[in-house]
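Close look at the chain arrangement
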Amino acid sequence: MRKYDHKKIEKKWQREWQKKEIYRSKENPRKPKSYVLDMFPYPSGEGLHVGHPKGYIATDVYARHKRMTGHSVLHPMGWDAFGLPAENFAIQNKVHPRAAVAKNIARFKEQLSTIGLDYDWSREINTTDPSYYKWTQWIFLKLLEKGLAYESNEPINWCPKCQTGLSNEDLDGNACERCGTIVEKRPMRQWMLRITDYAERLLNDLSHLPEWQEHIKESQRNWIGRSEGAEIDFPLEFENTTAPKPNYLLLHGYKESPIGAFIPWLNGELERRGLKVQVPELPNSWNPKETEQVKKVLDTCTIDERTIIVGHSLGGAIALKVLEKINRPIAGLMLVASAVNAKFPGAVERPYQKHFNWDVDYARIRKLAGFSVILSDLQEGTRRIPYLKFLAKELGARLVEGNAEEKHFMGKEEPMVLNALLPSITVFTTRADTLFGATYMVLAPEHPWVRLAIQQKGLLKNEDEIVRYIALSDKKTELERITEQKKKTGVRLEGVEAVNPATGKKIPIFIADYVLAHYGTGAIMAVPAHDERDFEFAKKFKLPIVEVIEPLAVRTTGLDAVHADGPFHDRPAILAFVKHWSEDKYLAVRYKPTDTRGCVSGGIDEGEEPIATAQREIREETGYVHTSLVRKLGGTIHGKYYSVVRKWNTFAHYTPFLFTLDDDTCEQVSEKEKADHEITWLTKKEMDEFINHEDMRIAWVRINGRACYEGEGILANSGEFSGMESAEARKAITGKLGRAKVTYKLRDWVFSRQRYWGEPIPVIHCAKCGVVPVPEKDLPVKLPEVNSYQPTGTGHSPLASIAKWVNVRCPKCKGPGTRETNTMPQWAGSSWYYLRYMDPNNKKALVDKKKEKYWAPVDTYVGGAEHATRHLIYARFWHKFLHDIGVVSTPEPFMRLISVGLIQAPDGKKMSKRYGNVINPDDIVKAYGADTLRMYEMFMGPFTDSIAWSTESMIGARRFLERVWRLGQRANPSTTSSLRSDGYGAGNEERGAEGTERQLHKTILKVGSDIESFKFNTAIAAMMTFTNVAEKEGINKDQFVRFLKILAPFAPHMTEELWSSFAKATKDKRGARKMRSIHTEKWPSYDVSKLKDETVRIAVQINGKTRGEASVAADADKEAQEAAARGAVAARLDGKQVVRTIVVPGRLVNLIVSD
RNA sequence: GCCGGGGUGCUGAAAUUGGUAGACAGAAGAGACUUAAAAUCUCUGGAUCGCAAGAUCGUGUGGGUUCGACCCCCACCCCCGGCACCA
């Protein structure tokens, strides 16, 4: 073949490869495995543009290289085809989504196949295939079984255009990620997945993923949003003392009678507050029986709507049973370290279990109890926690975790119990050190306590106003809440006050929408002196601002950075800003030795007044004599730094002042001060930029009046904690007045969609049995045919209208039941698909254990960065869950994650039908060939960068391939004769040039390692360099064939064609031999001794500047290199003395000369 | 605001991680071949000054460390990405 004609070559080989199944993946225990995965595409109606295949080409090159280096490679492809785009496309085009999806997939597959990708299509999967989503549903059932799937009625994000609920991850700010519509809050029943239970592990395990790009990990960290802080209870006091008081029923636990633990103490504390308490002694506490104990309570105690039942340990179980029996509303329920149902997974069997019936009607109790609280003691470890969480969810109870005085609340006094009983509001804060500065409290308008308080008529005096504010903020969209960010609004709750547990002072309570209901506890303590938001609110509502943190600035950089080991020397000092007598300018001082830019500062001498010190220092440093004090600039500011003069660490305590200068009277400044200080007059704005030390800046901002300080420091006005530093104080205050608590921004995953085209959620609702999972044998629950799959917008999916499908028998009681009609979100199927490729046709299991063990985890995963906080979080969550239940063997699914940089349109915009700037790969393949497209996309730039497409630049890739083609003809003796006249210089075709040989070894090494590290652009550059050398020096057949092999992953068609023509030539000589594909050949090896040239050129520098070049033998010693270097620049060395020589072997010689 | 990643010719970029900055390409200019064009081949190609040899400057800006800095340190500017009334 004379001319490179891609059209003749490419189709031919694609068919050939498919026929011979050269890309079939097999588990081969003798070979190392490599699982190379692309994020599978969503087969949209638009087809592919030129940007889509970039990642696929990269994994293709990578997988081919892996195969050639002796790996068993799994490189599969499939389709993520459930979800809104397919459904909307179907509605618009009036076809069934299934049909639309089938059509789109066919088109995608066709497009991908023309690029020559090496997928093992026998493992193709499709999330909408019932045999696939059977296992998606199976995973859901497992999640349900383990208490990780639950129904909820909390308000969620609703997209009015897509007409479905969305998860937090589906939002782009406050808009629907898909269509850009601003979402509303809508209360509705939906399924949720408890991803927050995995928050800690999802966060921590990121550190075990060194081969993930940092920005992806960072996105996930931000998204999970862990913060460490404390929960603190603020007791409430009511103005209306005539409001009815509660009474208490205390139930003791197992083996505790005569009545033990904290019960007698609690009884006393409550009675001391004038409250009525009943404490029955439960019979046979050493061998308790449920019916007997419940009977005793019912017979001897009075229970009414004002009763709060408190049950400790086993008493907690009795409390539930009592409430179930009396079946009347009560004021509240508190379970203190409740006994655990022995049937609950992981629970320990107790002797009394057989005398107890643990079936409890949680829903009924939830309705009867005005409030419920569950207390859990962290000292008991994590064993009980799943059950307590389950209880909390079922009862709608608040779960409070903390440290009891003694394990299992067995202390004689347990203040945590008393605090939780007295009406109080719990806040979450990361700044417990500022507790003494909490001068008011703010609740989110949606806070449940507010709703409860309004129901109690007469408790709050301004109910109407409160109700109006709540209604208003309900109506506000998220957008308004955010755009009105700066304007703080709120309403005070009249008739109730909170008590700051640190100061004992009463503080007002507000509701305000700057506090978010769903973060922390939905309530905050407001510390206006040390929080910008509280500061603004306090100014607007004229609330007291109490400073409790004296700022502390620690210098960590520069000459005066604190020395790590040295002790600190205290130094009382002043900072003095001086205003000009007539202009609006300030005295700026630069202390030269440490480049400290700010104001006058200095130490207070023994017995000196701070004001006098300031005036003295002003005089000494600047010479100005007549100064008057304007005011002190707030309280003390502390600074830690290293004193360059005294040579020790200094802990300075500054009193900051503002002075004015009365006139320009000036005295002589000493020489030393003059040398050290530089004085200028600067405007306010200039000062802002001038000051470069934190302590001075803190003082400076106070010029404009009272400032809020959000940093850390030293506690003041904080009782016994005064004088502590923030970090230490946080621990101390949390220990004494609160409980340590970790909070996440991550929300549970809203798992219901009110649309048609998704996996049906496999549960049945039964009036008698409640939620009943569909038995495993009945999976998959197939998506039924429906007349109209238009979204209903009513909060029900179109499935709800198919009575025949919906109405079924309850699998448990065989009574009438109805199917769940919500479907799963698009992200369900993609959360585990990588597992199915390992064993795509398994009917008995999601994946065979042996196959999973062989292939897992995914070694290299390539896809778009936009999935950082959605698919990649969900998949990690499901994977960890599957790991926990023993389905998979690794804790993480993807070992190495690489995100593809986008290919933008030539105009620099996003390539999209909307802009009309789409470049179709089909056109490129037709005109230039698949190999050219592949080469260019890999050569464009670094793989992870986004770069604009340029068909013009692509010519370079095509030219390179043509040069290789011609080089091949030159290297092939059977065709050389016809080529001698094409303008090349004389060749060394027969023996093979030595220069070419060396270059080839270098290239083999570089291309191999560059592919491994996804640096395809430099791999190609190296191959181009090789062809440049080969053209000049000549190339023989053997060299060319080795070169073809390293080019093969990039240009599979052309290399296969050339390879086959060479192989034919071989066959003629050696007789019949089986033809193998170049893609199943071994990667060529390189010889270390050939990696270096015999002579190298080294740079010759004089005083660090390159002044010449010298040629030396590669193995020349230092002396020889130096001699050669001296020779190269002999003229320049004339009359000069070489004082020093630095030789970097094989690189350079640097000669240091003096005159 | 907080966090992460970046900033190099006309353009895409490279630089063995402290050792000749600009490899490899694209666009451009000059030449060869051709009736001509395309293709191909050869040469030039950071800036300024100079006929030239050469000199000076040059990796966002300003300082520093070093024989030597795109690379390390300090301060700042700009671009991209994530989070953001998250207590």
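Fair warning: this is a prediction, and the values are worked out from it, not measured in the lab.

If you walk through the whole model with that rule in mind, you get 54 aromatic pairs. Aromatic side chains tyrosine 756 and tyrosine 789 sit 5.6 Å apart centroid to centroid with 25° between the ring planes, which places their arrangement in the stacked category. Of this pair, tyrosine 756 sits in the loop between strand E35 (749-750) and strand E36 (763-766) while tyrosine 789 is found in the loop between strand E37 (770-773) and helix H23 (803-806), placing the two residues 33 residues apart along the sequence. Within the aromatic cluster, the residues linked to one another by ring pairs are Phe140, Trp191, Tyr198, Trp749, Phe751, Tyr874, Phe877 and Trp878.

On to the pattern of salt bridges, then. Applying the stated criterion to the full structure yields 74 salt bridges. Glutamate 547 is the salt-bridge partner of arginine 706, the closest N and O atoms lying 3.6 Å from each other. Residue arginine 706 is located in the loop between helix H21 (694-701) and strand E33 (713-715), and its partner glutamate 547 is located in the loop between helix H17 (532-541) and strand E24 (549-554); the two are separated by 159 residues in the primary sequence. When its relative accessible area of 30% is taken as the criterion, glutamate 547 is described as partly exposed.

According to UniProt, the "binding site: ATP" (unreviewed entry) feature falls on Lys913. Counting through the fold element by element, lysine 913 comes out in the loop between strand E42 (903-904) and helix H27 (921-928). Residues contacting lysine 913, with those up to four places away along its chain left out, are Glu46 and Val918.

For the rest of this paragraph, the subject is the nonpolar core. If you look at the biggest cluster of nonpolar residues, it comprises 163 residues, and the most contacted ones within it are Trp949 and Phe1050. Among the elements that line this core, the one with the most residues is helix H5 (residues 130-145), at nine residues. Within the second largest apolar cluster, 76 residues are counted, among which are Ala453, Leu633, Leu658 and Met687.

A few words now on the packing of helix H3 (residues 84-93) against helix H4 (residues 97-113). Relative to each other, H3 and H4 sit at 110°, their axes nearing to 8 Å. Taken together, the axes of H3 and H4 are roughly perpendicular relative to one another. Taken together, the residues of H4 that come into contact with H3 (itself represented by Ala86, Phe89 and Ala90) are Pro97, Ala100, Val101 and Asn104. Of the residues belonging to the contact of H3 with H4, the class tally is six nonpolar, one polar and no charged.

Moving on to the sheet that holds strand E46 (residues 1137-1144). Spatially, four strands are ordered E45-E44-E47-E46 in an open sheet, and the strand pairing comes out mixed. Strand pairing shows two members of the sheet lacking a second neighbour, strand E45 (1105-1113) and E46, which therefore form its edges. Along the sheet, successive strands turn relative to each other by an average axial angle of 20°, direction set aside. Relative to E45, strand E44 (residues 1095-1102) runs antiparallel, the two being bridged by eight bridges. From the neighbouring strand, glutamine 1101 faces E45, where its bridge partner is threonine 1106. Against the sheet, helix H35 (residues 1118-1128) engages E44, E45, E46 and strand E47 (1148-1154), with an angle of about 125° to E46.

So, how was this worked out
- Residues numbered from 1 in each chain as written.
- Chains lettered and ligands numbered in written order.
- Predicted model: local features only at pLDDT ≥ 70, side-chain atom pairs only at ≥ 80, totals over all residues.
- Heavy atoms only, no water.
- Phe/Tyr/Trp six-rings, centres within 6.5 Å; stacked < 30°, edge-to-face > 60°.
- Helix = DSSP H or I, 4+ residues; strand = E, 2+ residues; numbered from the N terminus.
- Salt bridge = Lys/Arg side-chain N within 4 Å of Asp/Glu carboxyl O.
- Buried < 20%, exposed > 50% of the residue type's maximum accessible area, 1.4 Å probe, protein only.
- UniProt positions renumbered as here; feature names shortened; annotations may be inferred.
- Contact = heavy atoms within 4.5 Å.
- Core = buried A, V, L, I, M, F, W, Y, C linked by side-chain atoms within 4.5 Å.
- Axes fitted to C-alpha atoms, helices over the stretch in contact; angles between N-to-C directions.
- Parallel < 35°, antiparallel > 145°, perpendicular 65-115°, else oblique.
- Nonpolar A, V, L, I, M, F, W, Y, C, P; charged D, E, K, R; others polar.
- Pairing = 2+ DSSP bridges.

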